[in-house]
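# A closer look at the structure
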Amino acid sequence: MTPINIIYISIEGNTRAFLKLLTKYAQQQHALNPENPLIKAKEISDQTIPAKEKQPFFVFVPTYLTGGNGIDSGFTEIMTNALGEYIADGNNAPKCIGVVGSGNRNFNEQYCLTARKYAKQFAAPFLADYELRGTNQDAERIYDILKKRWSAVNA
Ligand SMILES: Cc1cc2nc3c(=O)[nH]c(=O)nc-3n(C[C@H](O)[C@H](O)[C@H](O)COP(=O)(O)O)c2cc1C
């Protein structure tokens, strides 16, 4: 099985830390059984030069919003826009096969809204969410979800 491609952005380091945890968990699973795919993660930032993605990929996006209440008034994405622009560029969007969101439940109705927005915008399923840096349990749960979707797409 080819490595699972993930594209992500991280402003304060939480998503980066979770991707490290997930990558390590994938390595352990791969060592137990080589059928279990490894993870190849690519970080996007404001400095990233647009590129054409050749393989399917998952997107991991934290939530940074301003304005609105998540229910009946609009909100604006801030900080993470470079990721959305990278996906929208060229022919990348159709290769997006799922979105994983992160955030903080203190934001109530706005919890993980950017990931939900991306899922709609790029016509990809919203696969999972986790809070802040995530836990070992989150890594196990999300690895299983990605693995299933990855093998379905690559079958
Ligand atoms: C200015 C600011 C706005 C945020 N807005 C939201 C929000 O609307 N919804 C949410 O679920 N989390 C929100 N968060 C929490 C972040 O999404 C969360 O801390 C995330 O783990 C940050 O990921 P990163 O460290 O990889 O950038 C906000 C955090 C900050 C600092």
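This section reports on the structure supplied with the text. Owing to the predicted nature of the structure, the values given are computational and were not obtained by experimental measurement.

## A word on the sheet that holds strand S7 (residues 126-131)
An order of S2-S1-S3-S6-S7 is seen for the five strands of this open sheet, with the pairing classed as parallel. Single-partner strands in this sheet number two, and they are strand S2 (39-43) and S7. Shown here is a sheet whose adjacent strand axes are inclined to one another by a mean of 25°, direction ignored. In terms of strand pairing, strand S1 (residues 4-8) meets S2 through five bridges, oriented parallel.

## Quick word on the pairing of strand S3 (residues 57-62)
Of all six residues in S3, six are buried, a share of seventy percent or more. Residue alternation in S3 divides its side chains into two sets, Phe57, Val59 and Val61 and Phe58, Phe60 and Pro62, and both sets are buried. Across three bridges, S1 lies against S3 in parallel orientation. Residue pairing in the sheet places tyrosine 8 in a bridge with phenylalanine 60 of S3. Direction of pairing for S3 relative to strand S6 (residues 96-103): parallel, over a ladder of six bridges. In the sheet register, phenylalanine 60 faces S6, and the bridge partner there is valine 100.

## Examining unusual backbone geometry
Of note in the backbone geometry, methionine 79 takes a positive phi value of approximately 70° without being a glycine. Considering the arrangement of structural elements, one finds methionine 79 in the loop between strand S5 (76-77) and helix H2 (81-88). Classification of methionine 79 by relative accessible area gives partly exposed; the value is 44%. Here the phi dihedral of cysteine 112 falls at roughly 60°; this positive angle occurs in a residue that is not glycine. In this structure, cysteine 112 sits in the loop between S6 and helix H3 (113-121). Assessed through its relative accessible area of 0%, cysteine 112 is described here as buried.

## Considering the site of the ligand
For the ligand, the set of nearby residues contains 17 residues, the closest of which are Ser10, Asn14, Thr15, Thr63 and Tyr64. At 2.6 Å from an oxygen atom of the ligand is found a side-chain nitrogen or oxygen belonging to serine 10. The separation between an oxygen atom of the ligand and a polar main-chain atom of glutamate 12 is 2.9 Å. Coverage of the ligand by the protein chains reaches 86% of its 650 Å² of free accessible surface. Each residue belonging to the shell around the ligand can be placed in one class, and the counts come to eight nonpolar, eight polar and one charged.

## Quick notes on the packing of helix H1 (residues 14-32) against helix H4 (residues 136-154)
At a minimum axis separation of 9 Å, H1 and H4 run at an interaxial angle of 65°. Judged by the inter-axis angle, H1 sits roughly perpendicular to H4. Relative to H4, H1 is oriented so that their crossing is right-handed. From H1, Phe18, Leu21, Leu22, Tyr25, Ala26 and Gln29 reach across to H4, where they touch Asn136, Asp138, Ala139, Glu140, Ile142, Tyr143 and Leu146. A breakdown of the residues in the contact of H1 with H4 according to their chemical character gives nine nonpolar, two polar and two charged.

## Some details on the pattern of salt bridges
All chains considered together, the criterion is met by six salt bridges. As a salt-bridge pair, glutamate 53 and lysine 42 come within 2.8 Å of each other at their nearest N and O atoms. Residue glutamate 53 is located in the loop between S2 and S3, and its partner lysine 42 is located in strand S2; the two are separated by eleven residues in the primary sequence. A residue is classified by how much of its surface remains accessible, and glutamate 53, at 15% relative accessible area, is buried. Here arginine 105 ties to aspartate 129 by a salt bridge, and the two come within 3.6 Å at their closest N and O atoms. In this pair, arginine 105 sits in the loop between S6 and H3 while aspartate 129 sits in strand S7, placing the two residues 24 residues apart along the sequence.

Thresholds, definitions, all that
- Residues numbered from 1 in each chain as written.
- Predicted model: local features only at pLDDT ≥ 70, side-chain atom pairs only at ≥ 80, totals over all residues.
- Heavy atoms only, no water.
- Pairing = 2+ DSSP bridges.
- Helix = DSSP H or I, 4+ residues; strand = E, 2+ residues; numbered from the N terminus.
- Axes fitted to C-alpha atoms, helices over the stretch in contact; angles between N-to-C directions.
- Buried < 20%, exposed > 50% of the residue type's maximum accessible area, 1.4 Å probe, protein only.
- Near = heavy atom within 4 Å.
- Polar contact = N/O pair within 3.5 Å; in protein donor to acceptor, adjacent residues only side chain to side chain.
- Areas by Shrake-Rupley, 256 points an atom, 1.4 Å probe, with all protein chains shown as cover.
- Nonpolar A, V, L, I, M, F, W, Y, C, P; charged D, E, K, R; others polar.
- Parallel < 35°, antiparallel > 145°, perpendicular 65-115°, else oblique.
- Left-handed = near helix turned anticlockwise from the far one by under 90°.
- Contact = heavy atoms within 4.5 Å.
- Salt bridge = Lys/Arg side-chain N within 4 Å of Asp/Glu carboxyl O.

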